[in-house]
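Here's the letter readout for the chains.
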Amino acid sequence: MLLTFNQTLFLILTVAAVVIAVFLILFLIQLRRTVREAEKSFQQLQVTLDKLKKIEDKLDLRLDETGKVIESAKKTVSGLSELSLFLTTRVIRPASRYWPVLFPLVRFGWQMIKKRKEKKNGR
């Protein structure tokens, strides 16, 4: 029994349609699996992003606190520099003319204190 050209063509097209349908069904099944995995990954990503957001908020708070500490340190340093400027211009420089007299007196007093301690410890 010989097949006509139309029957052969129909048979070939039918086989091709079945093969294409099978590949399409397998492709859609795999696509569905991939979508499920993508949804799971997306949910995990959301959880991770939430955790990162919490960490970012904590870091922002710490940075704000650090900024406050730095500002107070700047104020302290500027106060110390003003104090040292005051001491050098108002106290040390005017008193420096008395130092040649003051140092020998302080040294003599210190030696006297040491001698008294030696006498008390020696008895």
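Up top you'll find the structure we're talking about.
On a predicted model such as this, the values are computed, not experimentally measured, just so you know.

Novice: Any chance you could explain the overall build of the protein here in plain terms?
Specialist: Looking only at helices and strands, the protein features two helices and zero strands. A compact globule built from 123 residues would reach a C-alpha radius of gyration of about 14 Å, whereas the protein, at 46 Å, exceeds it by more than 25%. Evaluated residue by residue, the protein yields a buried proportion of 0% over its 123 residues. When the accessible surface of the protein is totalled, it reaches about 12,300 Å², and 68% of it is carbon and sulfur. Separation of charge centres in the protein, based on 23 positive and 11 negative side chains, amounts to 19 Å.

Novice: What am I meant to see in helix H2 (residues 99-122) here?
Specialist: Every α-helical turn comprises 3.6 residues, leaving residues that sit three or four positions apart pointing alike. With 24 residues, H2 should reach 34 Å at 1.5 Å per residue; the first-to-last C-alpha distance of 34 Å fits that figure. With zero of 24 residues buried, H2 is to be regarded as a mostly surface element.

Novice: Is there a simple way to explain helix H1 (residues 5-95) in this structure?
Specialist: Helix length check: H1 (91 residues) gives 125 Å between terminal C-alpha atoms against 135 Å at 1.5 Å per residue, within 8%. Of all bends in H1, the biggest is about 35 degrees, found at Thr-88.

Novice: What is the right way to look at the pattern of salt bridges in this model?
Specialist: Taken as a whole and judged by the stated rule, the model has three salt bridges. Across the salt bridge formed by Lys-40 and Glu-37, the nearest N and O atoms sit 3.9 Å from each other. Of the two residues, Lys-40 and Glu-37 both sit in helix H1, three residues apart, roughly one turn of that helix. With relative accessibility at 49%, the residue Lys-40 sits in the partly exposed group.

Novice: Any chance you could explain the packing of aromatic side chains here in plain terms?
Specialist: The description of two aromatic rings rests on the distance between their centres and on the angle between their planes. Inspection of the entire model under this criterion finds one aromatic pair. For the ring pair Trp-99 and Phe-103, a centre distance of 5.9 Å and an interplane angle of 55 degrees mean the geometry is tilted. With Trp-99 and Phe-103 both in helix H2 and four residues apart, this pair spans about one turn of that helix. Overall, Phe-103 belongs to the exposed group, its relative accessible area being 51%.

Novice: Got a minute to help me understand a nonpolar patch on the surface in this structure?
Specialist: On the surface, Leu-80, Leu-83, Phe-86, Leu-87, Val-91, Ile-92, Tyr-98, Trp-99, Leu-102, Phe-103 and Val-106 cluster together to form a nonpolar patch covering roughly 1,000 Å² of accessible area. Elements supplying a minimum of two residues to the nonpolar patch: H1 and H2. For the nonpolar patch, the element with the highest residue contribution is H1, accounting for six residues.

Novice: What's the story with a negative patch on the surface in this structure? I'm lost.
Specialist: Side chains of Glu-56, Asp-60, Asp-64 and Glu-65 sit close together on the surface and give a patch of like negative charge. By secondary structure assignment, the location of Asp-64 is in helix H1. By relative accessible area, Asp-64 is classed as partly exposed at 49%.

Criteria and thresholds
Residues numbered from 1 in each chain as written. Predicted model: local features only at pLDDT ≥ 70, side-chain atom pairs only at ≥ 80, totals over all residues. Heavy atoms only, no water. Helix = DSSP H or I, 4+ residues; strand = E, 2+ residues; numbered from the N terminus. Rg over C-alpha atoms; globule rule 2.2 N^0.38 Å. Buried < 20%, exposed > 50% of the residue type's maximum accessible area, 1.4 Å probe, protein only. Areas by Shrake-Rupley, 256 points an atom, 1.4 Å probe, with all protein chains shown as cover. Lys, Arg positive; Asp, Glu negative; His and termini not counted. Charge placed at Lys NZ, Arg CZ, Asp CG, Glu CD. Expected span 1.5 Å × (residues − 1). Bend = angle between axes of the 7 residues up to and from the residue. Salt bridge = Lys/Arg side-chain N within 4 Å of Asp/Glu carboxyl O. Phe/Tyr/Trp six-rings, centres within 6.5 Å; stacked < 30°, edge-to-face > 60°. Patch = residues over 30% accessible without salt bridge, like charges linked within 9 Å, V, L, I, M, F, W, Y side chains within 5 Å.

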